[in-house]
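For reference, the chains in residue letters:
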Amino acid sequence: MAADQDKAPRGGSFLLEDVNPAQVFTPEDFTPEQKVIAETTRRFVDEEVLPNGEQLEHQDWDLTVKLLRRAGELGLLAADVPEAYGGLGLDKVSSSLITEALTRGGSFALSVGAHVGIGTLPIVYFGNADQRARYLPALASGEKFAAYALTEPGSGSDALGAKATARLSPDGRHYILNGTKQFITNAAFADVFIVYAKIDGEHFSAFIVDRSSPGLTTGPEERKMGIKASSTRQLILQDVHVPVENLLGDPGRGHVIAFNILNIGRHKLAVGCVGGMKAAIEASVRYAKQRRQFQRAIAEFPLIQQKLADMNIRTFVTESMAYRTTGDMDRELAALGGSFDGPSAARAIAEYALECSADKVYASEALDFVVDEGVQIHGGVGYIQEYPIERMYRDSRINRIFEGTNEINRLLIPDMLLRKAMRGELGLFPAAEALQRELLSGGHLAADGGDPADPLAAERQLLAQAKKVFLFVGASAVQKYMQALEGEQETLAALADIVIEIYALDSALLRAAKAVWRGESAGAGDSARNQVEMVRVYAREAMERIDARARQILAGMEEGDALRTQLAVLRRLTRFEPVNSKALKRAIAARVIAAEKYVS
Amino acid sequence: MNILVFVKQTFDTEETVVVQGGRVSEDNVRFVLNPYDEYAVEQAVQVKEEFGGEVTVVAVGQERMEQALRTALAMGADKAALVEDDGSLDEYGVAKVLAAFARRGTYDLLFAGQATVDGASAQTGPRVAEELGVPVVAAILRFTLEGDRAVVERDMEGYSERLSVPLPALFTAQQGLNEPRYPTLPNVMKAKKKPLERLTLEDLGLARERLLGRTATVECFVAPKTRQRRMLQGSPEAQAQALADELRRFVLPD
């Protein structure tokens, strides 16, 4: 089994294969060092960031910079930078734990995140030795801060439509950059900008640009809905001379850098959302226990309990997905043998681009759900700024927009799957054909109960059926639309939803199964029971959503008898017996209320 | 200076205590290095930094204690030991184990937190000193070394005491003794390479049945809230009457 555990599964393979729980990384697998790292971050947030929360929201950039430097002293900015360049070269689980712990401190986390993530990582992964040596030590220590400038007023999702230009100076020593970049996080104080521009208006490329360069200015601070503790401005480039040595990667290959960095950014965003969800649950359950109506705490009312249970379940599922992906990335990176170059590391991470997109979409929508219910539990005061849930609600919304809108990410998911299938990396087509034969044979498709000793037998069956639903409607859509599928955005997004639901359920179920297995061997079990109960509720709710999406896809393609035939097949796949989710959610909520926080 | 620090991993003080099945549930609880032990570790590391020497940290208990030991190592301790047990020994047994560990080496200085935030008996440090036959000063707020003696201060009711103590001696640390440093990430990574010895009771020549406590937990329950608030209802007269009745009951219980 040890060898199995070291081998990371291929990206997207969760759609086809049954994964052994032992192969899945879960938060129960954190090492003592990883926990100490999380603890240090948490302490920094509790003792130094949260007490300054109000001042940070009022955009005191001197304070932001001071706290960023302090984070640098503690090593919190060095996790993803290799040791050879003054960093710590930590695994992705450790750096994810830092990201998660920081989000408890509000949008100061974004200042850190933009610096260590999209700001620094392009140099880590795509810088040459000289660029890495010149920039990374100061970025890792917090002496200098970085920002990332991709978006423009005229190009958001269509990143490659950038208008910023670069032309070589007559003496060949500089690129001269012109253009305007939009929504640049950390623009107020960043020392280094990763700027995308087209050489000669054609070749999309990335440059490292120093703030001190003449001609570089920033616009006024944007007045945002939320994440007010982070700086967001335009970056204006007027004949900025950038030394040719600061061209990042090859000319005309900027898109490779941009897309790889987005993968990582999406993953970090998902992990950050987990921290936000936990903070929202804490604030909400504490309020629900203290607020009394009709002579009792509102936490005693089942409808409030139902909300707390739903919030806890979504957080559990998100956490399971995000750390599963993290663990897979770490194993893929470890397989490179430690001393890898940047581009191969980026490729290793890109293996899980699909999972990163799924995590991003799911996490950002789960966070929106959790903060929304959080406000609802707070009632009227949830709408008042004195309560942190109000800020959390506003801060959450941006997550569905940046790092690729959720719509773009949804369109990417089926696209990535089809590419993998075409390249033969993922056996989607053979699996779809096998399913077709199974369906035609009229075989037994309904749940067979599974192993009676397995507390998750019915849920495993549901998950297996869900995977068949995806293959069935996915194959139908490919057959129906062929090359025209690209234009069928509604169908693509609905297919993406099914894929995301499957990855979410798969991850939650495997984590609970691992907890059961571990509980059996360790004699513990309360935590396993909580996880099993959450999965029992969640699996059925997910199946209902999957069924609805599948029906929507089929009804958009066929009509009359053809549609009825397909719906009949679908019904055979999506039948399940309900559980008493009312009772289960009350039990889950009771644990949240007792602990006054998220419970896994 | 050869310094030994006794530590324990305890609940994060932010955690809510949940009693389940007659015991405090450890599910979903965040554990930290006992806050008073942080002062002890910090003091030991400061002495080492000033006078040289080696700092060893030791804990008795479950596997999870490793995280507390790693924290202490990241704060600057040089080596650690975990004496593995199920965590059910009381102060009597724990002190015997820690003393047995201490006897394996020669230490000039011994530190512990003045109490743990879970058991809160404040007994373990003094008991170990008694086992070892060394002087003990509990709950110190200042520590300096003067030659072969330690000069320490502690707060009494309304006044302070300064004591000069010959070494070896054991001191338990009170909140305010120093400002414990964060385990920074580079130090966490360095701590990974520091030795962490795992021992059993047998390794220390101890028989578990002779360590069992002289106390037994009879019952475990969440302390009832002592403050109760009741809103009086009705007309002002009725409320005044109800208040007077309540006060009378309070002054003259039946």
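Just so it is clear, the model here is predicted, and its values are computed rather than measured.

Next up on the list: the pattern of salt bridges. Residues and elements named next belong to chain A. Summed over the entire model, instances satisfying the criterion amount to 71 salt bridges over all chains. The salt bridge partner of Lys268 is Asp80, with a shortest N-O separation of 2.9 Å. Taken together, the residues span a long stretch of sequence, with Lys268 in helix 9 (residues 254-290) and Asp80 in the loop between helix 4 (61-74) and helix 5 (92-103) at a distance of 188 residues. Just as Lys268 is buried, Asp80 falls in that class too.

Turning next to the packing of aromatic side chains. Residues and elements named next belong to chain A. Across all of its chains, the model carries 15 aromatic pairs over all chains by this definition. Aromatic pair Tyr287 and Tyr387: ring centres 6.0 Å apart, planes at 85°, arrangement edge-to-face. Of the two residues, Tyr287 sits in helix 9 while Tyr387 sits in the loop between helix 12 (353-378) and helix 13 (388-396), which places them 100 residues apart along the sequence. Cluster of aromatic residues (ring-pair linked, three or more members): Phe25, Phe30 and Tyr323.

Glancing now at the side chain of Ser507 of chain A. Relative to the elements of secondary structure, Ser507 of chain A occurs in helix 17 (residues 489-522). Residues in contact with Ser507 of chain A, not counting those within four places in the same chain, are Ser320, Met321 and Arg324 of chain A.

Applying the stated criterion to the full structure yields 0 disulfides over all chains. Just so you know, Cys273 of chain A is unpaired, no disulfide at all, and the nearest cysteine sulfur is the one on Cys356 of chain A, 13 Å from it.

Residue and element names in this part refer to chain A. Take Leu216: it is sitting in strand 6 (residues 216-218). Exposure remark for Leu216: the relative accessible area of 10% places this residue in the buried category. The spacing of Leu216 and Gln238 is 22 residues in sequence and 6.4 Å in space, taken between C-alpha atoms.

A word on the nonpolar core. A general trend in soluble globular proteins is that nonpolar side chains are found buried together. Counting 112 residues, the largest nonpolar core has Val317, Phe470, Phe472 and Ile502 of chain A as the members making the most contacts within it. Ranked by residues supplied to this core, first place goes to helix 17 of chain A with 17 residues. If near-sequence neighbours (up to four positions away) are discounted, Phe472 of chain A is found in contact with Leu435, Leu439, Leu554, Gln566, Val569, Leu570 and Leu573 of chain A. Judged by nonpolar contacts, the second largest core, of 110 residues, contains Val81, Leu102 and Ile194 of chain A together with Phe111 of chain B.

Our focus in this paragraph is unusual backbone geometry. Residue Pro168 of chain B follows Leu167 of chain B across a cis peptide bond; omega there is 0°. As for its placement among the helices and strands, Pro168 of chain B is situated in the loop between strand 12 (160-166) and strand 13 (169-173). Positive phi outside glycine occurs at Ile227 of chain A, with the angle close to 35°. Residue placement: Ile227 of chain A occurs in the loop between strand 6 and strand 7 (232-243). With a relative accessible area of 9%, Ile227 of chain A lands in the buried category. Of note, Glu403 of chain A is a non-glycine position whose phi angle comes to about 60°, a positive value. On the basis of relative accessibility, which here comes to 17%, the residue Glu403 of chain A falls in the buried class.

A few words on the sheet that holds strand 11 (residues 149-155) of chain B. Residue and element names in this part refer to chain B. With respect to topology, 3 strands assemble into an open sheet ordered 10-11-12, the strand pairing being antiparallel. For this open sheet the edge positions go to strand 10 (142-146) and strand 12, each flanked by a neighbour on one side alone. When the angles between neighbouring strand axes are averaged without regard to direction, this sheet yields 20°. Relative to strand 12, strand 11 is paired through 7 bridges, and the arrangement is antiparallel. Across the sheet, residue Val152 finds its bridge partner in strand 12, namely Leu163.

Here the focus is the interface of chain B and chain A. Across the contact, 26 residues belong to chain B and 30 residues belong to chain A. Around 2500 Å² of area is buried between chain B and chain A when both sides are counted, 54% of it from carbon and sulfur atoms. It is Asn28, Tyr182 and Leu185 of chain B in chain B that bury the most area against chain A; as a group they hold 32% of the surface buried on that side. For Arg43 of chain A, the salt bridge is made with Glu38 of chain B, and the minimal N-O distance between the two is 3.6 Å. Between chain B and chain A we count 9 residue pairs in polar contact (both at pLDDT 80 or more) in total. Within the residue set of the side of chain B that touches chain A, elements represented by two or more residues are helix 2 (66-75) and helix 5 (185-191) of chain B. Here the side of chain B that touches chain A is built from residues that sort into 10 nonpolar, 6 polar and 10 charged.

All names here are of chain B. The sheet contact formed by strand 10 and strand 11 spans 5 bridges and is antiparallel. Following the sheet pairing, Phe143 is matched in strand 11 by Val152. The antiparallel pairing of strand 10 with strand 11 creates a hairpin that spans 2 residues between the two strands, and Gly147 there sits at a positive phi of about 65°. Taking the residues that link successive antiparallel strands as the turn, the strand 11-strand 12 hairpin has 4 residues, and the phi of Gly158 there is positive, at about 85°.

This brings us to the environment of Met557 of chain A. All names here are of chain A. Examined against the element boundaries, Met557 turns out to sit in helix 18 (residues 526-557). The spacing of Met557 and Glu33 is 524 residues in sequence and 53 Å in space, taken between C-alpha atoms. Contact partners of Met557, with chain neighbours within four places excluded, come to Ser476, Ala477, Lys480, Tyr481 and Gln566.

Residues and elements named next belong to chain A. Partitioning chain A into domains gives domain 1 (28-145), domain 2 (147-251), domain 3 (255-408) and domain 4 (426-595). Spacing between the C-alpha centres of domain 1 and domain 2 amounts to 23 Å. The interface of domain 1 with domain 2 comprises 27 residues on the first partner and 25 residues on the second. Carbon and sulfur atoms supply 62% of the area buried between domain 1 and domain 2, which totals about 2100 Å² over both sides. Across the domain 1-domain 2 interface, the total number found is 0 salt bridges. Taken together, the connections running from domain 1 to domain 2 amount to 10 residue pairs in polar contact (both at pLDDT 80 or more). At the level of secondary structure, the elements contributing two or more residues to the side of domain 1 that touches domain 2 comprise helix 3 (53-57), helix 4, helix 6 (108-119), helix 7 (121-126) and helix 8 (129-141).

About the thresholds
Residues numbered from 1 in each chain as written. Chains lettered and ligands numbered in written order. Predicted model: local features only at pLDDT ≥ 70, side-chain atom pairs only at ≥ 80, totals over all residues. Heavy atoms only, no water. Salt bridge = Lys/Arg side-chain N within 4 Å of Asp/Glu carboxyl O. Helix = DSSP H or I, 4+ residues; strand = E, 2+ residues; numbered from the N terminus. Buried < 20%, exposed > 50% of the residue type's maximum accessible area, 1.4 Å probe, protein only. Phe/Tyr/Trp six-rings, centres within 6.5 Å; stacked < 30°, edge-to-face > 60°. Contact = heavy atoms within 4.5 Å. Disulfide = S-S within 2.5 Å. Core = buried A, V, L, I, M, F, W, Y, C linked by side-chain atoms within 4.5 Å. Pairing = 2+ DSSP bridges. Axes fitted to C-alpha atoms, helices over the stretch in contact; angles between N-to-C directions. Buried area = accessible area lost by both parts, 1.4 Å probe. Polar contact = N/O pair within 3.5 Å; in protein donor to acceptor, adjacent residues only side chain to side chain. Nonpolar A, V, L, I, M, F, W, Y, C, P; charged D, E, K, R; others polar. Domains from an automatic or database assignment.

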